[in-house]
Amino acid sequence: MHAPSPIKRRFSRQIHVGNVAVGGDAPIAVQSMTNTNTLDVDATVAQIQQLEKAGADIVRVSVPDMDAAESFGKIKQRVDVPLVADIHFDYKIALRVAELGVDCLRINPGNIGREDRVRAVVSAARDNGIPIRIGVNAGSLEKDLQKKYGEPTPAALVESAMRHIDYLDRLDFQEFKVSVKASDVFMAVAAYRDLATRIEQPLHLGITEAGGLRAGTVKSSIGLGMLLMDGIGDTIRVSLAADPVEEIKVGFDMLKSLRLRSKGINFIACPSCSRQNFDVISTMNQLEERLEDVMTPLDVSVIGCVVNGPGEAKETDIGLTGGSPANLVYIDGKPASKLRNDHLVDDLEKLIRDKVRQKQQQQDDMIARSV
Ligand code: SF4
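Here the residue index of a chain counts from 1 through its sequence in written order. Predicted model: local features are reported for residues with pLDDT of at least 70 only, side-chain atom pairs are reported and counted for 80 or more only, and whole-chain, interface and lining totals are derived from all residues. Each side-chain value is worked out from all heavy atoms of the structure, with water and hydrogens disregarded.

Within an unreviewed UniProt entry, the label attached to the chain reads 4-hydroxy-3-methylbut-2-en-1-yl diphosphate synthase (flavodoxin), and the organism entered is Vreelandella andesensis.

Written out as structure tokens, the structure is:
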């Protein structure tokens, strides 16, 4: 029910990672990376499927050697979500995964070495319609840039990125995206802002090594939030020292907060206080857990009392306002029914699922009419 996002996105050229468009007017893609051993095909496939279930648009997999490249081929055959192979230095791995159906190569052309090798990788990418992600990281800047700048700086990150881009420009290869990550929010934000004015390719945003679940989420939200507010960013990866599924959830929550993308339920809940007429926190926790499978966008407010409940309910698809002897439910902003505290979560879940079905039906009808 909320208005569209007021953010005006930076113009970027569109590329395709498998069947997922990145850049241009495509929705901002949310991605994560597996942390299983790539040689363990079953474990990696299982994790990719969990990520896909959580809504991941793209998943990256480390491919450190040729054995891992062969595993990557087997993994690729068993999953649907587009896969990026993360490769450092060894061009032969890039050539092999290109044969095995990779959807994007994360490799820095300047690190490949001899010109003929760079040419071979770019040709394989071109022939197979595979884009490249240039990934610059403050922790692994080239030695000469470290010497020139003394320490990682935004200018050093951008200079490194432009060098790698230059390799692709010389071979007239434009199907790439770029990241300039740092664990320092100021550095990453300044580097991305600068880079955004220099190239038209899509930008992959991330605050690298952001930290554990809580601190990493906060740091990433501040860094990526500033950039997204500027309209910068075509795909995001939240780096957390946590289950990668959390990275996907946090990524979508960020985009939902800025109304850049909607997926599943956008909850509005009060922090609760002694005025609450039902247990807001427990209700919220249970609803979040029970409704994780819902992908249809829906705004739901869960507010403990009449101080803010009716106001919030007017802006949501379903709104619960605490009251005594019963709580009031609003549907589409209008008072609809009353729910007592016993069975509150069960009753609310049912109402939400009914509404989801109704919305889904409306969407299906709209699509059927437009075909
Ligand atoms: S909406 Fe009511 S219950 Fe919730 S925090 Fe505010 S006053 Fe407390």
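There's more to say after this.
Visitor: Give me the site of the ligand: which residues, what numbers.
Guide: Every residue near the ligand is listed here: Cys270, Ser272, Cys273, Arg275, Gln276, Ile303, Gly304, Cys305, Val307 and Asn308. Side-chain classes are defined by residue name, with Ala, Val, Leu, Ile, Met, Phe, Trp, Tyr, Cys and Pro counting as nonpolar, Asp, Glu, Lys and Arg as charged, and the others, Gly among them, as polar. Grouping the amino acids of the shell around the ligand by side-chain chemistry returns 5 nonpolar, 4 polar and 1 charged. Only a single heavy atom is needed: when it lies within 4 Å of a molecule or strand, its residue is near that molecule or strand.

Visitor: Give me the domain arrangement of the chain: which residues, what numbers.
Guide: Per the annotation, domain bounds derive from an automatic or database assignment of domains. Domain annotation for the chain reports domain 1 (15-257) and domain 2 (265-370). Taken over C-alpha atoms, the centre of domain 1 sits 37 Å from the centre of domain 2.

Visitor: Tell me what's going on with the sheet that holds strand β14 (residues 327-331), and back it up with residues and numbers.
Guide: Strand pairing follows a simple DSSP-based rule, namely that at least 2 bridges must link the two strands. Runs of H or I in DSSP of at least four residues are treated as helices and runs of E of at least two as strands, each being numbered from the N terminus. The 5 strands are arranged β11-β12-β13-β14-β15 in an open sheet whose pairing can be described as mixed. In this open sheet, the two strands that pair with only one neighbour each are β11 (265-269) and β15 (334-339). The average angle at which neighbouring strand axes cross in this sheet is 20 degrees, direction not considered. Examined bridge by bridge, β11 and strand β12 (residues 298-303) share 5 bridges and lie parallel to one another. Within β12, the position partnered with Ile268 by the bridge is Ser301. Each axis is a line fitted through C-alpha atoms, taken for helices only over the stretch in contact, and angles between the N-to-C directions span 0 to 180 degrees.

Visitor: Please give an account of the UniProt feature "binding site: [4Fe-4S] cluster" (unreviewed entry) in the chain that cites residues and values.
Guide: UniProt positions are given in the numbering used here, feature names are shortened, and annotations may be inferred rather than shown by experiment. Under the UniProt annotation, the feature "binding site: [4Fe-4S] cluster" (unreviewed entry) is placed at Cys270, Cys273, Cys305 and Glu312. Of note, Cys305 is situated in the loop between β12 and α11 (309-313). Using a relative accessible area of 11% as the deciding quantity, one classes Cys305 as buried. Any pair of residues with heavy atoms lying within 4.5 Å of one another is described as a contacting pair. Not counting the four nearest positions on each side in its chain, Cys305 is found in contact with Arg275, Asn277, Pro310, Thr321 and Gly322. Following the sequence through the fold, Glu312 ends up in helix α11. Three labels apply to residues, based on accessible area from a 1.4 Å probe with only protein chains included: buried if under 20% of the type maximum, exposed if over 50%, partly exposed otherwise in between. Overall, the relative accessible area of 31% leaves Glu312 in the partly exposed class. The residues touching Glu312, leaving out its near neighbours within four places in the chain, are Ile268, Ser301 and Ile303.

Visitor: Please set out the packing of helix α8 (residues 213-229) against helix α9 (residues 244-257) residue by residue, giving values where relevant.
Guide: The N-to-C vectors of α8 and α9 enclose an angle of 40 degrees; their axes lie 10 Å apart at closest approach. As the angle between them shows, α8 and α9 are arranged oblique. As for the relative orientation of α8 and α9, their crossing is right-handed in sense. Here Leu213, Thr217, Ser220, Ser221, Leu224 and Leu228 of α8 lie close against α9, whose contacting residues are Glu246, Val250, Met254 and Leu255. Here the contact of α8 with α9 is composed, by residue class, of 6 nonpolar, 3 polar and 1 charged. When an angle is under 35 degrees it counts as roughly parallel; over 145 it counts as roughly antiparallel; between 65 and 115 it counts as roughly perpendicular; any other value is oblique. Note on convention: the crossing is left-handed when the near helix lies turned anticlockwise from the far helix by less than a right angle, right-handed when the turn is clockwise.

Visitor: I'd like a description of helix α2 (residues 66-78), backed by residues and values.
Guide: Expected span, for any helix, means 1.5 Å times one less than how many residues it has. When the terminal C-alpha atoms of α2 are compared, their 19 Å separation across 13 residues agrees well with the 18 Å that a helix rising 1.5 Å per residue should span. Taken together, the buried residues of α2 touch α1 (41-53), β4 (58-62), β5 (83-86) and α3 (91-99). Two to three positions downstream of the cap, the backbone nitrogen of Asp67 sits 3.2 Å from a side-chain oxygen, assigning the N-cap of α2 to Asp65. Under this definition, polar contacts are N or O atom pairs within 3.5 Å; protein pairs additionally need one hydrogen-donor-capable and one acceptor-capable atom, and for neighbouring residues in sequence, both atoms have to be side-chain atoms.

Visitor: Can you tell me about a nonpolar patch on the surface, naming the residues and giving the values?
Guide: Within this analysis, patches are made of residues with over 30% relative accessible area and no salt bridge. Like charges are joined at 9 Å or less; nonpolar side chains (Val, Leu, Ile, Met, Phe, Trp, Tyr) at 5 Å or less. Surface accessibility follows the Shrake-Rupley procedure with a 1.4 Å probe radius. Residue values consider only the protein chains on display as shielding. Here, a salt bridge means any Lys or Arg side-chain nitrogen found within 4 Å of an Asp or Glu carboxyl oxygen. Where nonpolar side chains cluster on the molecular surface, the patch consists of Val218, Ile222 and Met226 and spans about 240 Å² of accessible area. Looking at the secondary structure, you find Met226 in helix α8.

Visitor: Summarise the packing of aromatic side chains; cite the residues concerned and give the values.
Guide: Classification of ring pairs uses Phe, Tyr and Trp, with its six-membered ring standing for Trp, and accepts pairs whose centres are within 6.5 Å; under 30 degrees between planes counts as stacked, over 60 as edge-to-face, and the remaining range as tilted. By the definition in use, this model includes 0 aromatic pairs. Cation over ring: Lys263 sits above Phe252, and NZ or CZ is 4.7 Å from the ring centre. Lysine and arginine charges are scored as sitting over a ring when NZ or CZ, respectively, is within 6 Å of the ring centre and within 35 degrees of the ring normal.

Visitor: Requested: an account of the sheet that holds β5, with residues and values cited.
Guide: One open sheet accounts for 8 strands, arranged β8-β7-β6-β5-β4-β3-β10-β9; its pairing is parallel. Across the chains shown, the open sheet's two edge strands, defined by having one partner strand only, are β8 (176-181) and β9 (204-205). Bridging between β9 and strand β10 (residues 235-237) involves 2 bridges; their strand directions are parallel. Residue Leu205 lies in a different strand from β10, and its bridge partner there is Ile236. Running at roughly 155 degrees to β4, α1 makes contact with β3 (29-33), β4 and β5 of the sheet.

Visitor: Can you tell me about unusual backbone geometry, naming the residues and giving the values?
Guide: At the junction of Ser324 and Pro325, the peptide bond is cis and its omega measures out at 10 degrees in the coordinates. Among the secondary structure elements, Pro325 is positioned in the loop between β13 (318-321) and β14. Positive phi values are uncommon outside glycine, yet Ser272 reaches one of about 75 degrees. Looking at where Ser272 falls in the secondary structure, it is placed in the loop between β11 and α10 (280-290). Of note, His343 is a non-glycine position whose phi angle comes to about 70 degrees, a positive value. As for its placement among the helices and strands, His343 is situated in the loop between β15 and α12 (344-370).

Visitor: Lay out the pairing of β15 with the relevant residues and their values.
Guide: Of the pairings in the sheet, the one linking β14 to β15 comprises 5 bridges and is antiparallel in character. Opposite Val329, over in β15, you have Ser337 as the bridge partner. Taking the residues that link successive antiparallel strands as the turn, the β14-β15 hairpin has 2 residues, and the phi of Asp332 there is positive, at about 55 degrees.

Visitor: Which residues make up the packing of helix α7 (residues 185-198) against α8, and what values go with them?
Guide: Direction vectors running N to C along α7 and α8 enclose 20 degrees, while the axes themselves pass 10 Å from each other. Compared by their axis directions, α7 and α8 come out roughly parallel. In the crossing of α7 with α8, the sense of the turn from one axis to the other is right-handed. Counted together, Val185, Val189, Tyr192 and Arg193 of α7 and Lys219, Ile222, Gly223, Met226 and Leu227 of α8 form the full contact between these two elements. Partitioned by chemical class, the residues of the contact of α7 with α8 number 6 nonpolar, 1 polar and 2 charged.

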